[in-house]
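Descriptive analysis of the structure
Residue-level listing of the chains:
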Amino acid sequence: MQDNATEVTAAGIARLAGVGRAAVSNWRRRHADFPKPVGGTETSPSFALAEVEAWLRDQGKLAEVPLRERVWQQLAGHPEGPVTALVHAGCALLLIHDRPTDWLELSAGSDERLAALLPAALDQVITPRFGAPRERAVNTPTGPELLPSAPLLRGAAELAAESGARQTYEFLLGRHLDNNPRQYTLTPGDLAALMAELAGPARTSLDPACGTGALLRAVAPKPDQELYGQDSAPELAALSALRLALQGKAAVRTAAGDTLRADAHPTLQADVVLCHPPFNERNWGHDELAYDARWEYGFPARTESELAWVQHALAHLKDGGSAVVLMPPAAASRRSGRRIRADLLRRGALRAVIALPIGAAPPYNIPLHIWVLRRPEKAPAQPELLLVDTGALAGGGTSLLERSRELGGGRGGLDWQAVRTAVLDAWRPFERTGSAREEPGFSRAVPVIELLDDDVDLAPARHLPPAAAGGGTEQLADVRERLGETLRLTADLTPPETQPAQPVRWPLITVGELARGGALLLRTGGNGAPARVPVLTDHDVLAGTAPSGTLPEGEDEAVLVETGDVVVPVLGGGSIARVVDENTAGAALGRNLTLLRPDPAALDPWFLAGFLRGTANNRQASSYASTATRLDVRRLQLPRLPLDEQREYGERFRALAEFEDALRRAGRLGEQLVRGMYDGLTDGTVAPL
């Protein structure tokens with residue numbers, strides 16, 4: 001069967017050929033034989049993938065479509081949509097994972113034969129993994145449903161032979177989620193891993209709002225493991241089930257439906273419940289569920305949907321089982337929930353409230369909380385609640401900021417390793433003994449009796465003793481000394497006075513012309529990066545900080561920067577260019593960045609970066625939309641100068657860059673000193689004289 005049913009947009013064609021979308025528009029105008037649109041709209045047409053691939057190859061613009069990209073385009077352009085394609089691909093990959101010889105036999109014939117025979121083979125792996133048809137989220141596709149997917153399934157199998165069935169599905173699902181960020185509320189993998197560690201090992205685990213399965217995926221595998229999930233979106237319940245089944249041998253039971261109104265696992269008593277529930281829902285079933293047996297700790301108010309999820313989690317635990325729930329910070333202090341919070345405390349069900357740094361999970365602009373709960377076998381005699389505040393690990397703290405650096409934290413982003421280590425160092429002693437050593441500004445085990453007032457406010461920051469000002473007077477003295485050294489350095493680096501002179505009229509050449517002549521290489525940031533490789537973002541370039549970003553895993557798409565490369569942000573209208581040094585080399589190039597790799601025999605990198613920063617140069621190369629400014633790097637201009645003269649200019653530009661870095665460092669140290677002095681004067685650790 002031909003795969004002409006698979007369609008690709010202009011953006012997809014650009015990705016296939018490794019060019020910008022403007023180049024695709026030019027091809028459509030200049031080449032009468034360019035494939036005609038087969039779908040889409042007038043402003044966003046789509047084209048048959050097979051026709052596009054053949055045209056690109058005939059024009060010498062494509063030697064061979066990378067397999068990963070071909071399979072992705074087949075999935076993204078599936079006539080029934082990418083979600084259906086993901087389910088079909090996941091089912092086939094599960095067959096390849098569990099019964100590889102069956103797939104080899106089925107795929108030997110035509111697409112029609114494959115689609116006709118595949119449902120029976122799929123049912124033999126789907127039913128043992130996911131349960132009876134009426135109980136599972138993944139239904140066996142029929143032959144007619146599978147026929148349009150046959151080319152995709154063959155491509156996915158070929159990709160699985162290279163990288164494995166699980167890795168293939170993770171790539172396809174990850175690309176789909178990355179391309180549709182507004183459709184899904186995702187739980188970051190590092191946060192999921194922390195929540196699973198707080199919950200502890202389990203044979204039976206439940207996520208009642210499973211989404212894409214990130215939390216259940218983080219649970220450490222055990223023999224005879226059972227993973228249960230439910231989600232109101234049927235497509236997410238199916239994708240989650242396939243993702244979990246491809247991860248190991250666990251029995252997976254996911255279902256679609258409204259968890260609070262129609263619990264799919266009403267009799268389940270799990271070892272662990274992990275949950276990232278929807279926040280601030282008013283229509284969660286308040287009127288219908290007034291007499292539900294789950295409200296053991298009190299009937300939640302209409303505005304307290306999160307406390308309904310907390311009690312749902314507790315209702316599904318065995319005695320002594322653990323639940324870890326991600327919560328909005330307001331749930332710790334809203335007056336409408338104080339009676340339920342009080343009963344959770346009195347009966348020993350709530351063990352810890354952990355405030356995360358801003359940016360840990362969506363919504364990224366607020367510091368979310370983790371609630372650690374346990375179904376008590378008996379009420380403790382003198383219960384305590386562990387309160388932890390990791391907010392300073394976001395990069396704006398004092399003593400905890402230093403702690404983050406000691407734990408290997410970097411600049412410019414959330415250091416999950418530091419957060420994980422700090423939280424578990426506080427939690428594990430408390431879990432063993434029911435109490436923990438107090439750490440000012442970070443953690444404290446608070447007797448429950450102290451919290452049972454009129455508000456029952458459980459926000460950690462309100463009950464923690466303040467940390468020593470700026471990390472203590474010794475650290476303040478160290479900051480003051482470093483600030484003095486930096487200010488002296490800025491004085492030494494201040495550019496010398498220059499005599500007025502008339503503007504020089506050099507002969508100019510554009511970056512595009514230099515690229516065509518081979519004097520430099522132009523690359524743009526990709527949509528993927530190798531695992532554990534830091535990503536240089538446009539924010540890092542603008543702020544002069546270390547690489548701090550992340551991208552979905554993808555070996556083929558990464559552009560790794562090298563020492564001497566020049567990186568330019570293309571959005572925002574600023575005149576910034578950064579020369580990559582040894583500390584940044586090896587990072588992946590992020591989105592909205594253009595990399596220029598000069599030939600050292602023709603171009604000095606500091607000369608190149610310096611002239612790219614000229615205000616007039618940027619103005620003439622920028623275009624303006626209603627909400628943004630975009631820089632066309634190819635239109636930036638440079639003087640035509642011999643290499644020796646380039647190096648003279650390059651040394652001056654390098655000195656200016658060092659001066660700029662020193663000013664940034666002085667600003668950061670000054671802010672830290674001022675903040676520490678304010679804290680010291682207000683808590684009495686610094687005298688006013």
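Placed above this text is the structure.
So, how was this worked out
Residues numbered from 1 in each chain as written. Predicted model: local features only at pLDDT ≥ 70, side-chain atom pairs only at ≥ 80, totals over all residues. Heavy atoms only, no water. Salt bridge = Lys/Arg side-chain N within 4 Å of Asp/Glu carboxyl O. Helix = DSSP H or I, 4+ residues; strand = E, 2+ residues; numbered from the N terminus. Buried < 20%, exposed > 50% of the residue type's maximum accessible area, 1.4 Å probe, protein only. Pairing = 2+ DSSP bridges. Axes fitted to C-alpha atoms, helices over the stretch in contact; angles between N-to-C directions. Contact = heavy atoms within 4.5 Å. Expected span 1.5 Å × (residues − 1). Polar contact = N/O pair within 3.5 Å; in protein donor to acceptor, adjacent residues only side chain to side chain. Core = buried A, V, L, I, M, F, W, Y, C linked by side-chain atoms within 4.5 Å.

**Some thoughts on the pattern of salt bridges**
Counted by the stated rule, this structure contains 36 salt bridges. Of the charged contacts, one joins D343 and R347 as a salt bridge, the two residues approaching to 3.4 Å between their closest N and O atoms. We note a salt bridge from R664 to D661, for which the minimum N-O separation is 3.1 Å. You can see R664 and its partner D661 sitting in helix α24 (residues 643–683), three residues apart, about one turn around the helix. Looking at R664, the relative accessible area reads 22%, which means it is partly exposed. Residue D661 is classed as partly exposed on the basis of its relative accessible area, which comes to 37%. Here the salt bridges do not stand alone but share partners, grouping E296, D319, D343, R347 and R375 into one network.

**Things to note about the sheet that holds strand β4 (residues 204–207)**
In spatial order, the strands read β6-β5-β4-β7-β8-β10-β9-β11-β12; together these nine strands make up an open sheet with mixed pairing. The two strands at the open ends of the sheet, each matched to only one other strand, are β6 (251–256) and β12 (443–447). Across this sheet, the average inter-strand angle for adjacent strands is 15°, counted without regard to direction. Across the face of the sheet, helix α13 (residues 234–247) comes into contact with β5 (226–231) and β6 while running at roughly 175° to β6. The strands that helix α17 (residues 416–433) touches are β9 (350–355), β10 (369–374), β11 (384–389) and β12; relative to β11, the one it contacts most, it runs at about 175°.

**Side note on the pairing of strand β19 (residues 593–598)**
Summarising burial for β19: five of the six residues are buried, a large majority. With five bridges connecting them, strand β14 (residues 520–524) and β19 associate as antiparallel partners. By the bridge assignment for β19, T524 is matched with T594. With four bridges connecting them, strand β16 (residues 566–569) and β19 associate as antiparallel partners. Pairing of P569 across the sheet is with L593, part of β19.

**Some thoughts on helix α9 (residues 150–163)**
The end-to-end C-alpha separation of α9 is 20 Å, in line with the 20 Å expected for 14 residues at 1.5 Å each. Along α9, the residues classified as buried are A150, P151, L152, L153, G155, A156, A157, L159 and A160. Here the buried face of α9 lies against α4 (67–76), α5 (82–98), α6 (100–106), α7 (111–130), α8 (143–146) and α10 (165–179). G164 lies just past α9 and shows a positive phi near 100°.

**A look at the side chain of T254**
As for its placement among the helices and strands, T254 is situated in strand β6. The exposure class of T254 is buried, given its relative accessible area of 2%. Among the polar contacts made by the side chain of T254, one reaches the main-chain carbonyl oxygen of A237 at a distance of 3.0 Å. Here T254 is in contact with E135, R136, A137, G229, A237 and A241, once residues within four sequence places are set aside.

**Some details on the sheet that holds strand β2 (residues 39–40)**
Backbone hydrogen bonds hold the strands of a sheet together, and the pairing may be parallel or antiparallel. Here three strands make up an open sheet; going across it, the order is β1-β3-β2 and the pairing antiparallel. Whereas interior strands pair on both sides, the edge strands pair on one side only; in this sheet they are β1 (7–9) and β2. In this structure, β1 lies alongside strand β3 (residues 45–48), joined through three bridges in antiparallel fashion. Counterpart to V8 in the pairing with β3 is F47. Taken strand by strand, helix α3 (residues 49–58) contacts β1 and β3, and its axis lies near 75° from that of β3.

**A few points about the nonpolar core**
In this structure, L93, L95, W103, L118, F130, V138 and Y169 are the most contacted members of the largest nonpolar core, which totals 53 residues. Breaking this core down by element, the ones donating at least two residues are α4, α5, α6, α7, α9, α10 and α13. If one sorts the elements of this core by residue count, α5 sits on top with ten residues. Setting aside its immediate chain neighbours within four residues, F130 contacts L94, R136, V138, A241, L242, A245, V252 and R253. Listed in part, the 41 residues of the second largest apolar core include C275, W295, L344 and L385.

From the geometry alone we can't say anything about function, so treat these as descriptive.
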